[in-house]
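Here is how the chains run, residue by residue.
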Amino acid sequence: MSCRSTPEGFTSAGSGALDPADVCDEGVLVALAAARRVIAPPTLSGRQQAGHFLIVALACLRGLQLAQALLVTIVRFDQYRVFWPVVVTLVVLLAWWPVLFVPALRTARVTRPWFAADLVLASAATLVVSWLSLAGEVETWTNWAFIVGCNTAMVAAVALPSWGWLSAALTLVGVGLVGAEPALASGEASWSNFLGNSASYIGLGAAAALALRHLRRTGQELDAANARARTAELALISDQVRYQDRLTQYRTLHDTVLGTLTAIARGGLDLQLDAVRARAAREADYLRRLLMGDVAAHDQTLHEALGQVIDDTTALGLRIHYLADGLPPDLPGHVVRALAEATREALANVVRHAGTHEAWLTGTGETDGTVIVRVADQGCGFESAIITNGLGLQRSIRERIAEIGGEVVIDSQPGDGTLVELRWTSPAVLTVAAVGVRG
Amino acid sequence: MIRLGAIDDDRMLLDGFAAWLGDVEDVHLLARAATVDEFLAASPDVDVVMLDLRLQDGSVPAENVVRLVARGYRVCMVSTHHDQIDALATIRAGAEGYVTKDNDLVRLIEALRVVASGETAFSRELAFTLMQDHAPERPELSEQERAVLVAYASGLTLGAAARRAGVKPGTAKVYLDRVKAKYREAGRPAYTKLDLAERVRQDSLSYGTPS
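Residues numbered from 1 in each chain as written. Chains lettered and ligands numbered in written order. Predicted model: local features only at pLDDT ≥ 70, side-chain atom pairs only at ≥ 80, totals over all residues. Heavy atoms only, no water.

Participant: With reference to specific residues and values, describe the overall build of chain B.
Facilitator: On a plain count of helices and strands, chain B comes out with 10 helices and 5 strands. Put simply, chain B has 211 residues, and 54% of those count as buried. Taking all contacts inside chain B whose residues are at least 6 apart in sequence as the whole, residues at least 24 apart take part in 69%. Roughly 9,100 Å² of accessible area belongs to chain B as shown, and the carbon and sulfur atoms make up 53% of that amount. (Helix = DSSP H or I, 4+ residues; strand = E, 2+ residues; numbered from the N terminus. Buried < 20%, exposed > 50% of the residue type's maximum accessible area, 1.4 Å probe, protein only. Contact = heavy atoms within 4.5 Å. Areas by Shrake-Rupley, 256 points an atom, 1.4 Å probe, with all protein chains shown as cover.)

Structural data, given as structure tokens:
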């Protein structure tokens, strides 16, 4: 997925800080870069890119249609009963053009209020131009408001869900009928032309809806393929990590248990010596932990474990900004492991799905004994309500944290980044608090 | 155009920074010094001073800020490693920005532009420091101020931070500025202490009246 990322460094985002590259460039390049900043959306998933592509096409089409309307108005100025209101209508629509499309291009979607405004303007234009065209011209090129209406019918496909575009198209047909009614009643405008125009609204709306559906499906497949590729890459890395772990274990075994056993086998070692017995006890403990799979993170603080996760994930090309404060050094091994592995998965999700190369990891120990780890990115985001499975959220994050009695809060919104918050409170603290309340 | 001064005892870093700034049209590095004394002795005509948090002359970071601010300079702190206590102290003392050196140069310039424009350059490190301030004398933050601070310090954009904190979109910066103002207010009594006031007075005797 070719997500573009424009990470926000400082809170001056609104004041329009320039890229150093832009500062050096001149003339046309500067203008192009400026235009790109205005319309370039932040980061888009394949599915979001489908909508963006259609919006680009519709914005260009609207431009051409308005140019055509301008030409018609100039050439056929004598075909209107009153000329100036038609010009005013056209100027309003020209002014509306960037207002509608610039935010749409930036966010890769058309919001409902914006679309409603477009529908109202297109309808008003249809009424004004229909009523002011000479009766014989109502269903000809002179009535250019029809062309703009066609564009609105297609924008509906982007702005409204499922069959919403049809209601917009039917609204435009209805408005067209009201506008053309006097001319149709007097027989000066032809019904066949009117029906042809009405069919255009519905046909173009349907075409746009179909195109968008197809593009979105392709985009989703692309997203899924990308996610699969990233997962494979991650699996490879985690294999390497596991191999490294195994290697470390072998080395430790060699340095400890094997060494001790070899020394005993050679004979001559006084097994009753306290030092020897203590060493045997220590190494038996090590073997026991090894069998329980508790070795890798043993004695590791959360800070160290997170450091390890950062090292591994940085290898995937993710830049991680890490800040930590007050992390308790004595968390139980299984808690450290669960928090670190859930963090690893959350960071892996950034690599797989967010379409950005930057993530923020913060770990804090609160005064009430709660440990909070937050993983944030400024990437594509997703509908938190819809997607919880398949992103590794259910299995690797929620279940892992649930097992240690912690909580997970996931907050995301399309185009607005994602925040995964892991919280764990020591049961000891909880018990003390409960006793305190009772006492 | 931003007229910039830099106080840092790391010559190599300063030279590299100056070379890099050569390509940036709207920022001019007009003065360099290794200590605040050296800088004030030259009293260069600049708007923003980029001040290293820990100078080798052993000077106290917050005191350096107070002396520069008293002379009418706007100060942006730059530190090699993040030190929460010093970061807090310099913001209380009147610094308008705080950036760690691991940020890339583009972000550093961005921060300097924000400070030059009269606003606060709120780095994540600074937000995180304020969020983790548990000192008894810390100013009281409202629920929304704290929520915006936490979301921003966690790495979200301002827009996402506003949404998460449940405040109007576009107002996140207002909440962050309010947090800073509270810290500035709380810091004032500490830096009007007699000895520091005396230091500032001596500066004005030795280096002329503040511009």
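Participant: How would you explain the packing of aromatic side chains if you had to name every residue and give the values?
Facilitator: Summed over all chains, the structure comprises 8 aromatic pairs over all chains. Residues A:Trp191 and A:Phe194 carry aromatic rings whose centres are separated by 5.7 Å and whose planes lie at 85 degrees to one another, so their mutual orientation is edge-to-face. Of this pair, A:Trp191 and A:Phe194 are both found in helix H8 (residues 191–266), 3 residues apart, which corresponds to roughly one turn of the helix. An aromatic cluster of at least three residues, connected via ring pairs, comprises A:Phe77, A:Tyr80, A:Phe83 and A:Trp84. We note B:Arg124 situated over the ring of A:Trp360; from NZ or CZ to the ring centre the distance is 5.3 Å. Positioned above the aromatic ring of B:Tyr175 is the side chain of B:Arg178, whose terminal nitrogen or guanidinium carbon lies 4.7 Å from the ring centre. (Phe/Tyr/Trp six-rings, centres within 6.5 Å; stacked < 30°, edge-to-face > 60°. Lys NZ or Arg CZ within 6 Å of the ring centre and 35° of its normal.)

Participant: Can you explain helix H8 (residues 158–165) of chain B? Please cite residues and give values.
Facilitator: Residue and element names in this part refer to chain B. All of the buried residues in H8 are Leu158, Ala160, Ala161, Ala162 and Ala165. Along its buried surface, H8 packs onto helix H7 (143–153) and helix H9 (172–187). Downstream of H8 by one or two residues, Gly166 has phi in the positive range, about 75 degrees.

Participant: Requested: an account of the pattern of salt bridges, with residues and values cited.
Facilitator: A full pass over the atoms with the stated rule returns 24 salt bridges over all chains. The partner of B:Arg164 in a salt bridge is A:Asp411, and the shortest N-O contact between them spans 4.0 Å. Of this pair, B:Arg164 sits in helix H8 while A:Asp411 sits in strand S4 (residues 407–412), placing the two residues on different chains. Its salt-bridge partner being B:Lys180, residue B:Glu96 comes within 3.2 Å of it at the nearest N-O pair. Of this pair, B:Glu96 sits in the loop between helix H4 (84–93) and strand S5 (97–100) while B:Lys180 sits in helix H9; the two residues are 84 residues apart in sequence, bridging distant segments of the chain. Judged by relative accessible area, B:Glu96 falls into the buried class, the value being 11%. (Salt bridge = Lys/Arg side-chain N within 4 Å of Asp/Glu carboxyl O.)

Participant: For the interface of chain B and chain A, give the residues involved together with the corresponding values.
Facilitator: When the parts of a complex come together, some accessible area is lost, and that lost area is often used as the size of the interface. The interface of chain B with chain A comprises 39 residues on the first partner and 36 residues on the second. Interface area for chain B against chain A, summed over the two sides, is near 3,100 Å², with a carbon-plus-sulfur share of 54%. For the chain B face of the interface with chain A, the top three residues by lost area are B:Arg107, B:Arg163 and B:Arg164, together amounting to 21%. The tally of links between chain B and chain A comes to 5 salt bridges. (Buried area = accessible area lost by both parts, 1.4 Å probe.)

Participant: Requested: an account of the nonpolar core, with residues and values cited.
Facilitator: Counting residues in each nonpolar core, the largest one holds 54 residues, and the members touching the most others are B:Phe39, B:Leu51, B:Leu68 and B:Leu149. Of the residues forming this core, the biggest block, 6 residues, is contributed by H7(B). Ignoring sequence-local partners within four residues, the contact set of B:Leu68 consists of B:Ile7, B:Val36, B:Phe39, B:Leu40, B:Val49, B:Leu51, B:Tyr73 and B:Val75. A:Leu100, A:Ala145, A:Ile147 and A:Leu184 belong to the second largest nonpolar core, which has 52 residues in total. (Core = buried A, V, L, I, M, F, W, Y, C linked by side-chain atoms within 4.5 Å.)

Participant: Now, about the environment of A:Arg106: what can you tell me, with residues and values included?
Facilitator: With respect to the element layout, A:Arg106 can be found in helix H4 (residues 84–107). Between the C-alpha atoms of A:Arg106 and A:Gly415, which are 309 residues apart in sequence, the distance is 9.9 Å.

Participant: Give me the lowdown on the side chain of A:Gln378, citing residues and values where you can.
Facilitator: Among the secondary structure elements, A:Gln378 is positioned in the loop between strand S3 (370–377) and helix H12 (393–403). Here the side chain of A:Gln378 touches B:Gly155 through a polar contact of 2.9 Å, landing on its backbone oxygen. (Polar contact = N/O pair within 3.5 Å; in protein donor to acceptor, adjacent residues only side chain to side chain.)

Participant: Please give an account of the sheet that holds S5(B) that cites residues and values.
Facilitator: Residues and elements named next belong to chain B. An order of S2-S1-S3-S4-S5 is seen for the 5 strands of this open sheet, with the pairing classed as parallel. If you trace the sheet from one side to the other, it starts and ends with strand S2 (27–33) and S5, each paired once. The mean angle between the axes of side-by-side strands here comes to 25 degrees, regardless of whether they run parallel or antiparallel. Pairing geometry for strand S3 (residues 48–52) and strand S4 (residues 74–79), over 5 bridges, is parallel. (Pairing = 2+ DSSP bridges. Axes fitted to C-alpha atoms, helices over the stretch in contact; angles between N-to-C directions.)

Participant: Requested: an account of the pairing of S3(B), with residues and values cited.
Facilitator: Residue and element names in this part refer to chain B. Of all 5 residues in S3, 5 are buried, a share of seventy percent or more. In this sheet, S3 lies alongside strand S1 (residues 2–7) in parallel orientation, the contact comprising 4 bridges. Residue pairing for S3: Ala6 is matched across the bridge by Met50.

Participant: Just give me the short version of the sheet that holds strand S5 (residues 418–425) of chain A, but keep the residues and values in it.
Facilitator: Residues and elements named next belong to chain A. Judged by pairing direction, the sheet is mixed, and its 5 strands sit side by side in the order S1-S2-S3-S5-S4 without closing on themselves. The sheet is open, and its two edges are formed by strand S1 (319–325) and S4, each paired on a single side. The average angle at which neighbouring strand axes cross in this sheet is 10 degrees, direction not considered. Of the pairings in the sheet, the one linking S4 to S5 comprises 6 bridges and is antiparallel in character. Across the sheet, the residue bridging to Val409 is Glu421, located in S5.

Participant: Go over the packing of H4(B) against helix H6 (residues 124–131) of chain B with me, naming the residues and quoting the values.
Facilitator: Residue and element names in this part refer to chain B. The contact between H4 and H6 brings their axes to 10 Å, and the two run at 95 degrees. On the basis of their axis angle, the class for H4 and H6 is roughly perpendicular. Counting all contacts with H4, which are made through Gln84, Ala87, Leu88 and Ile91, the residues of H6 involved are Leu126, Phe128, Thr129 and Leu130. Looking at the contact of H4 with H6 residue by residue, the class counts come to 6 nonpolar, 2 polar and no charged. (Parallel < 35°, antiparallel > 145°, perpendicular 65-115°, else oblique. Nonpolar A, V, L, I, M, F, W, Y, C, P; charged D, E, K, R; others polar.)

Participant: Report on a nonpolar patch on the surface, specifying residues and quantitative values.
Facilitator: Residue and element names in this part refer to chain A. Together, Leu70, Leu71, Ile74, Val75, Leu94 and Trp97 make up an exposed nonpolar region whose accessible area comes to about 550 Å². Of all elements in the fold, only helix H3 (46–75) and H4 reach the threshold of two or more residues within the nonpolar patch. It is H3 that provides the largest number of residues to the nonpolar patch, a total of 4 residues. As for its position among the elements, Ile74 is in helix H3. (Patch = residues over 30% accessible without salt bridge, like charges linked within 9 Å, V, L, I, M, F, W, Y side chains within 5 Å.)

Participant: Which residues make up the environment of A:Ala207, and what are the values?
Facilitator: Tracing the chain through its elements places A:Ala207 in helix H8. A:Ala207 sits in the partly exposed class, given a relative accessible area of 41%.

Participant: Which residues make up the packing of helix H5 (residues 112–132) of chain A against helix H7 (residues 164–185) of chain A, and what values go with them?
Facilitator: All names here are of chain A. Following both chains from N to C, one finds H5 and H7 inclined at 20 degrees, their axes separated by 8 Å at the closest point. Of the possible angle classes, the one that applies to H5 and H7 is roughly parallel. For the element pair H5 and H7, the recorded crossing hand is right-handed. Between H5 and H7, the contacting residues are Phe115, Leu119, Ala122, Ser123, Thr126, Leu127, Ser130 and Trp131 on the first element and Ala168, Thr171, Leu172, Val175, Gly176, Val178, Gly179, Ala180 and Pro182 on the second. Of the residues belonging to the contact of H5 with H7, the class tally is 11 nonpolar, 6 polar and no charged. (Left-handed = near helix turned anticlockwise from the far one by under 90°.)

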